[in-house]
Every structure is written in C-alpha cells, then in structure tokens.
Amino acid sequence: MSPWIFFLEHRAEILEATANHLTLVLISMAIAIAIAVPLGMLIVHRRTLRNIALTLASIFQTIPSLALFGFLIPIPFIGGIGRRTAIVALVLYALLPILRNTYVGLTGIDPAVLEAAEAMGMTESQILLRVRLPLARAVILAGIRTATIITIGVATIAAAIGAGGLGTFIFRGVAMVSDAVILAGAIPAALLAIAADLLLGLLERRLKIT
Amino acid sequence: MKSKTGAGIEQSTIHFEDVTYGFNGTVNQPIVAEIGFSVAAGQTLVLLGRSGSGKTTLLRLINRLLVPSSGQVVVRGRITTDWDPIQLRRGIGYVIQDAGLFPHFTVAENIALVPSLEKWESARTAARVDELLTLVGLEPAQYRSRRPRELSGGQRQRVGVARALAADPPILLMDEPFGALDPVTRAELQHEFSALARRLGKTIVFVTHDLREALLLASRIILLEKGRIVADATPQDFPGVDHPEVRAFIASLMPLPGANA
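Definitions and limits used
Residues numbered from 1 in each chain as written. Chains lettered and ligands numbered in written order. Predicted model: local features only at pLDDT ≥ 70, side-chain atom pairs only at ≥ 80, totals over all residues. Axes fitted to C-alpha atoms, helices over the stretch in contact; angles between N-to-C directions. Helix = DSSP H or I, 4+ residues; strand = E, 2+ residues; numbered from the N terminus. Parallel < 35°, antiparallel > 145°, perpendicular 65-115°, else oblique. Left-handed = near helix turned anticlockwise from the far one by under 90°. Contact = placed C-beta atoms within 7 Å. Nonpolar A, V, L, I, M, F, W, Y, C, P; charged D, E, K, R; others polar. Pairing = 2+ DSSP bridges. Core = buried A, V, L, I, M, F, W, Y, C linked by C-beta atoms within 7 Å. Buried ≥ 20, exposed ≤ 12 C-beta atoms within 10 Å, placed from the backbone.

Account for the packing of helix H2 (residues 11-42) of chain A against helix H9 (residues 179-207) of chain A, with residues named and values stated.
Residue and element names in this part refer to chain A. It is at 10 Å that the axes of H2 and H9 come closest, and there the two elements cross at 45 degrees. Here H2 lies oblique to H9, going by the angle between them. Handedness of the crossing formed by H2 with H9: right-handed. Listed contacts from H9 to Ile14, Thr18, His21 and Leu22 of H2 are Ala184, Pro188, Ala189 and Leu192. Taken together, the residues of the contact of H2 with H9 sort by class into 6 nonpolar, 2 polar and no charged.

For the sheet that holds strand S1 (residues 14-21) of chain B, give the residues involved together with the corresponding values.
Residues and elements named next belong to chain B. Here we have 4 strands laid out as an open sheet, ordered S2-S1-S4-S5, and antiparallel in their pairing. The strands lining the two open edges of the sheet, one partner per strand, are strand S2 (32-39) and strand S5 (78-79). Both strand S4 (residues 70-75) and S5 contribute to a ladder of 2 bridges, which runs antiparallel. Its bridge partner lying in S5, Val74 is registered against Ile79.

Would you mind going over the pairing of strand S10 (residues 228-233) of chain B in detail, with residue names and values included?
When a strand is regular, its side chains alternate between the sheet's two faces. All names here are of chain B. Where strand S9 (residues 220-225) lies against S10, 5 bridges are found, and the strand directions are antiparallel. Across the sheet, the residue bridging to Ile222 is Asp232, located in S10. The antiparallel pairing of S9 with S10 creates a hairpin that spans 2 residues between the two strands, and Lys226 there sits at a positive phi of about 50 degrees.

Please give an account of the nonpolar core that cites residues and values.
Residues Leu90(A), Leu95(A), Ile98(A) and Val205(B) are the most contacted members of the largest nonpolar core, which totals 124 residues. The element contributing the most residues to this core is helix H5 (residues 83-107) of chain A, with 14 residues. What Ile98(A) contacts, discounting residues up to four positions off in sequence, is Ala32(A), Ile33(A), Ala36(A), Val37(A), Gly143(A), Ile144(A) and Ala147(A).

How would you explain the interface of chain B and chain A if you had to name every residue and give the values?
Counting residues at the interface gives 16 residues for chain B, matched by 16 residues for chain A. At the level of elements, helix H2 (85-90), strand S6 (92-96) and helix H4 (113-117) of chain B are the ones that each hand at least two residues to the side of chain B that touches chain A. Each residue belonging to the side of chain B that touches chain A can be placed in one class, and the counts come to 9 nonpolar, 3 polar and 4 charged.

Can you break down the sheet that holds strand S3 (residues 44-49) of chain B residue by residue, with the values?
Two pairing modes exist for strands in a sheet, parallel and antiparallel, and in both the strands are linked by backbone hydrogen bonds. Residue and element names in this part refer to chain B. The strand order across the open sheet built from 6 strands is S6-S7-S8-S3-S9-S10, with neighbouring strands paired in mixed fashion. Edge strands, defined here as strands with exactly one partner in the open sheet, are S6 and S10. Each adjacent strand pair in this sheet contributes to an overall mean axis angle of 15 degrees, direction not counted. In terms of strand pairing, strand S7 (residues 171-175) meets strand S8 (residues 203-208) through 5 bridges, oriented parallel. Bridge assignment links Met174 to a residue of S8, and that residue is Phe206.

Right under this line is the structure:
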C-alpha cells in the first residue's frame, strides 16, 4: 500500500495520535521544567547537591529508553501500564539537558557583572532573580529545546507500554512489516521535532542578550 | 551637587588595623600583611602598586567582599564583620575596570540599581538618573534608554561612575576604573573625574598601577609591594620618598618628555 493512501485513509487516527503524542510531550516537558529549572537555581551555591543532582540526571539519561519504560512498569504508584508511567520516564529523560543548561547558564556570567552586583549590596536571591536568571534565559531555553526534541523522539517508545501517541503506528508497522504504517507514525513525529526546534530556536535568538 | 550626608561625614572614614589576609583565612602566605592606615573623610586615597601587589584585595576588604584573616577593618565607625554586609555595601559606591554594567538593563536601569533596591519612588529615581547622567557628561535624553553594548568604553565607565554615585554613598571604591580605556579617553575621564571628586567631597579609595593617574587624583598615595605598605605620602612628597619601589615607579615615568610629576 502506498503511504499516501494509508495517510489519507487513516488521517483522523493519525491526527488523534499526533495530538496524544503532543499532549504526552507537553505534560512531560512542563513537569521536567518545573523540576529542573528551580533545581538548577538551587545548585548554584550548593556543591554537594549539585554533584548528586547532575550525576542522577546523567544516570537517567544513560538508561536505554525501552529499558527505562520496562523498569518503571512494576513500580507502585508511578509505574504500571499507560500514560502515567510514560510521563515519568519522559520527565527523567528531559531533566539532564534542562538542569545542566540552567546550571551552566546561571554560572557562566561575566564575573565583573556578578562582582558589581555583590558590591552594590544585592542579596544572593536578588542576584539570582535579577541578574543571573535574566542573563541565563537563552541558555536555559536551549536546554529546554534539546530536551523537547529528545522527548518527542523518546515518546514514540511510550506506545510500547500502552501510552498511545505516534509510536502506536511505528510499533504496528514493525509488526506488520509495513513501511506505510511506520511512516504514518515516524513522519508526524519528525515534523513535530522540526517544528519544535524551529519555534524554540526562534525564541532563543530573541532572548539572547549580546 | 549638594551632599546629603552632612551628618555622616564624620563617620565616613576607613581604618585598617593590622590587617592580614590570606586565602582561606590563613595568615601563612598572605596576600596582604600587617596593613594599617586610616582614610579621613573627603580624602582621595590612591592605592598604588604593581599587578599582584594586593591593591584590589585591600579594596575588597573595605566592602566586605573579603574578610580579614587577622586584624580588622573599620568603616564608618563599625568593624566590617559587625556590619550587615548588604547595608555596608549600599553605602559604598563601587566602580571596576570593566564597569560590570548589567547587559540586560538599560543605562537608566543600571544607574537606578541601588535606588531600586532601596525602593525609591519612581519619580525620585528618574530625576536622580537624569541628574547623574548630566553629572558624568552624558545627555540624559540620548543615553537613558540605551543598552551597555551600545556605548563606547568611556561611556560605559561614565555610567559605572553614575551607578556608583546613585544613592549618594559617602564612600567610593574604584578599582582601576580607567585602566581599559584608550589613552586619550582615559586622560579625559581622569581630568573630569578629578574635578568631580573635588566637587562631591566623597571619601574615595582608588586603585591604580599608573603613577601619573595617582599623582593627578590623590590627596594621598599608599604604595604597596608584595602585600605590604612601602610608602605613604602626599602626591607632593611621594617622588622624594627614599624606597626602591618608589624609585622604580618614578623611573617608569622618565622616558616621557615633559612629565609633570
């Protein structure tokens, strides 16, 4: 069957899977950002916490994604079959790029600026919120951009544990040995990733301070 | 400009009492050792010395960016470690070589930093910003909304001075503020600042490795060598001080014909 015919015949289904996929990604990214950005702010001045947080986030990233989904299934409350487990796994994957970029952005600031801020009598939290954070936002957004693209890709595997999304077509296509079915999942996923990359890249350039 | 700190003048002095500072609070291998001097209100003290002689360390001990390993620094009648560091620093203007302007703030926002921290009303802040821009020779309407990247090095340094003066602090610390400028701009700013300093009546501690600058601005020069004070004199007496490091600094002026030292 030609992919085009398959696309046309199943467009409602594909659209629904794309929407599912996007929801999965958006929820996971929102949670990952809500964890990683404040954590990145917290570790600027705390070395022990910094080492623990960055190491843990790196470890999550090294676990093969299919294995991570598998590991989570038997865990009570967060595990099981379905969307919730997938979100937990996606969040764990997205943490590292956001956390690392937040930390690097907040600490990679011109020392003269930080010295002036401190010498003018700004408190540590004022320096963080009014100097470090605004100057780091382009770098933080770059981390969010990387994490989003990773999440869009990894979210296709979430279908393996029954979380739905575009992976459904890919797994079905592999089982049916049908390129058309695989592409019905793969092409929208790729398009989502490209769109996210462009959009966030645009935003990143606007936030950049020279 | 009128000083609003008439009552504070008496206190706006700085004393170093046998101060030694070394990394991690150790007295071994100190960066500065056994430093003792006082700065009277309204005086411009220049700390002169080669790179690494400990000038900047002394400056940072005054606003408690550093704390002495032994001895004490007294600022406006109180030991720096007894001060709330935030309150201490809000009363001390600070100008550094690269200006350290906030790149994400406009010129006006940079100057208004301490007033905004002190929660001044916006009308008062705006008036103060314009007053200061005029004071440092920048047309307010033209420069107020610019970003630091849209300024030349000399203009950035002018804004740095304006920012340091914003809340009218009785003390001004300056760490080679004109060091990164081209020689012509540097001379312009030195002369303007010299006039400004006399007019403002602030207590100023000024760090430089340039004897010419020291002679122009100082009411008193302290020469540092390897973390110790080796000379303490008025600009008039300084060239006559009998010390090898003083002679070395004088000699650094010599190749220039017509040096006014």
